[in-house]
Amino acid sequence: MPAQPLRALYALAPHLLLLAGASLAAVRPLPASLAGLWLYGPWAALLVAALVAGAFGRGRAVFAVAAIAAAYAAYRYIIEPGGDLLARRAAFAAVTIFLPAYLGLLAVLEERGVMNRHALVRLAPIALAAAGLAWAVRERRTATVDWLFTPMVDAPLASLAPLPQAAVAAIFIAFAAALAMALVRGQAIEGGLAVAVATMAIAAHGVRDAAMFPVFTIAACAALTLAVLQDSYRMAFRDELTGLAGRRALNDRLKGLGRRYVIAMVDIDHFKGFNDTYGHDVGDDVLRMVAARLATVSGGGKVFRYGGEEFTVLFPGRSAEEAMPHLEALRAGIQSHRMAIRGAGRPAKDRVGRKQRGAAQAARTVAVTVSIGVAERSERHPLPEEVITAADKALYRAKRGGRNRVSR
């Protein structure tokens, strides 16, 4: 499975536990001493989610929390208390149709931060939805509200759910769009938005249960908070260009090593020449290609981008003799791969440009090679930093020996 969908699935795993926990909490009555949790808990969760998203500059999460807060306010102050039937129906339609559609839209949009001109554009739909709700109630637009509840198709099971069919369609489309974007981009925010769509749909479906909407509002906020933290971790510990774990992740991993391990330093041969000859875009393609090949390392190796055109392969619990065959296989695999050079007129996206390679591909391919230096922990090099230094020296020997080789 490609790396991005796999990362998205890993990121979604804890959200499934979150949904299970929310479902359990919704069906178990709280002790009398904790009854206020359903009243104040959602507001606290909304505040925490907004503060975390804002602190990390995740604008889409901030706007999602704002929309959920508006939906919860509509539930708390219009739907739950009873009273004006038109106001309750209009608020319910706004919550069930607008909210999932808006969350799905946020998942499709690119991240633009919080405090900028894009924020006004992204907050505008929330203001318009609130204004539309107020207008429908004030002007007593019963026909408009009835239209929102009009069945779209004659479905036998439609009457089993309190949701308007338009809401069911909005939920399905928004969830599918958010999940698809999570798999394509491999990022946690889109996954958190997909879970938020699901949790708020469950909340609306069980709106007649006093605990259901508060519990799943808290779950939606927790999902967005978790997604922001996951995304921030990815940005801090993973290299954006190659998708590999970065230098900070390597430093953390080195702190927990045992007494037996191997460190290999990998450097792309003549990398400056690729940049000078073909441009930095091709240089980035070379880095991505080499990273993808290194990520397939066998023998229990863990790959990190060390910096620039240099990578690190860590073999915990291995000796140099055991690691050498796996490193040699990596070197040979990279050497045998012919990388296509993107022409000036070919689109950057591979899916679009694939058809344009054709017969000209052979004339626009290059071979990439790497040099690898290997060192293992020993009495002479007892510390990880010393092993890295020894591997660097071995790398320089590989370079001086003609490149495209593994040296100890």
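First, a word on scope: everything that follows refers to the structure included in this document. (Residues numbered from 1 in each chain as written. Predicted model: local features only at pLDDT ≥ 70, side-chain atom pairs only at ≥ 80, totals over all residues. Heavy atoms only, no water.)

**Overview of the pairing of strand 1 (residues 261-268)**
Side chains on a regular strand alternate between the two faces of the sheet. Counting buried positions along strand 1 gives eight out of eight residues, so the element sits mostly inside the fold. Where burial is concerned, the two faces of strand 1 agree: the one with Tyr 261, Ile 263, Met 265 and Asp 267 and the one with Val 262, Ala 264, Val 266 and Ile 268 are both buried. When strand 1 meets strand 3 (residues 310-316), the two strands line up antiparallel, connected through seven bridges. Its bridge partner being in strand 3, Tyr 261 is matched across the sheet by Pro 316. Taken together, the seven bridges between strand 1 and strand 6 (residues 370-376) define a ladder with antiparallel strand orientation. The residue bridging Ile 268 from the neighbouring strand is Val 370, located in strand 6. (Buried < 20%, exposed > 50% of the residue type's maximum accessible area, 1.4 Å probe, protein only. Helix = DSSP H or I, 4+ residues; strand = E, 2+ residues; numbered from the N terminus. Pairing = 2+ DSSP bridges.)

**Some remarks on the packing of helix 4 (residues 85-108) against helix 7 (residues 165-185)**
The angle between the axes and the distance between the axes are what describe a pair of packed helices. One can describe the packing of helix 4 onto helix 7 by two numbers: an axis separation of 8 Å at closest approach and a directional angle of 15°. One finds that helix 4 runs roughly parallel with respect to helix 7. Crossing geometry of helix 4 relative to helix 7 is assigned as left-handed. Contact residues: helix 4 offers Thr 96, Ile 97, Pro 100, Ala 101, Gly 104, Ala 107 and Val 108, while helix 7 offers Ala 166, Ala 167, Ala 170, Ile 171, Ala 174, Ala 177, Ala 178, Met 181 and Arg 185. Looking at the contact of helix 4 with helix 7, its residues break down into 13 nonpolar, two polar and one charged. (Axes fitted to C-alpha atoms, helices over the stretch in contact; angles between N-to-C directions. Parallel < 35°, antiparallel > 145°, perpendicular 65-115°, else oblique. Left-handed = near helix turned anticlockwise from the far one by under 90°. Contact = heavy atoms within 4.5 Å. Nonpolar A, V, L, I, M, F, W, Y, C, P; charged D, E, K, R; others polar.)

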